Amino acid sequence: QVQLVESGGGLVQAGGSLRLSCAASGRTFRNYAKGWFRQAPGKEREFVASISWSGDRRDYAGFVKDRFTISIDNAKNTVYLQMNSLKPEDTAVYSCAADPSGVVMTTPTYWGQGTQVTVSS
């Protein structure tokens, strides 16, 4: 069965950094757009960042403000999210996703189970 598995979450102080990884198994997502969403307790899931299959286009949510960087390694079938200058409001479960449109995150069809990111003040 196709799986997207996240790792790299944890507890960090405000101003710190974390690097999340999402590895795919069961098939190759070479031609899919890849991205990250997050959901805090009691809140709706929200878009964080996405990247086209070629890596030529990246899109970010406004709250990122140059703090996060998304990247891909198609040879490893893995997408990353480098998060710097973390704030307490970044605390959430972060999930990766894949979208067959290939360029932007519109209607993702595959999801990971999520990894917890907690930022203390």
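So, here is what we can say about the structure in this document. Small disclaimer: the values here were computed from a predicted structure and weren't measured. (Residues numbered from 1 in each chain as written. Predicted model: local features only at pLDDT ≥ 70, side-chain atom pairs only at ≥ 80, totals over all residues. Heavy atoms only, no water.)

### Some points on the environment of Trp-36
Turning to step 1, where the next piece is worked out: Checked against the element boundaries, Trp-36 lands in strand 4 (residues 33-39).
Turning to step 2, where the next piece is worked out: In this structure Trp-36 comes out as buried when scored by relative accessible area, which is 0%.
Turning to step 3, where the next piece is worked out: Note: C-alpha distance between Trp-36 and Ala-98 (62 residues apart in sequence) is 9.0 Å. (Helix = DSSP H or I, 4+ residues; strand = E, 2+ residues; numbered from the N terminus. Buried < 20%, exposed > 50% of the residue type's maximum accessible area, 1.4 Å probe, protein only.)

### Considering the state of the cysteines
Turning to step 1, where the next piece is worked out: Under the definition given, this model contains 1 disulfide.
Turning to step 2, where the next piece is worked out: Covalent S-S linkage joins Cys-22 and Cys-96, the inter-sulfur distance amounting to 1.9 Å. Here the disulfide of Cys-22 and Cys-96 is right-handed, its torsion about the S-S bond being about 50 degrees. Of this pair, Cys-22 sits in strand 3 (residues 18-25) while Cys-96 sits in strand 9 (residues 92-99); the two residues are 74 residues apart in sequence, bridging distant segments of the chain.
Turning to step 3, where the next piece is worked out: Overall, Cys-22 belongs to the buried group, its relative accessible area being 4%.
Turning to step 4, where the next piece is worked out: Among the residues examined, Cys-96 registers a relative accessible area of 0% and is labelled buried. (Disulfide = S-S within 2.5 Å.)

What is shown is where atoms sit, not what they do.
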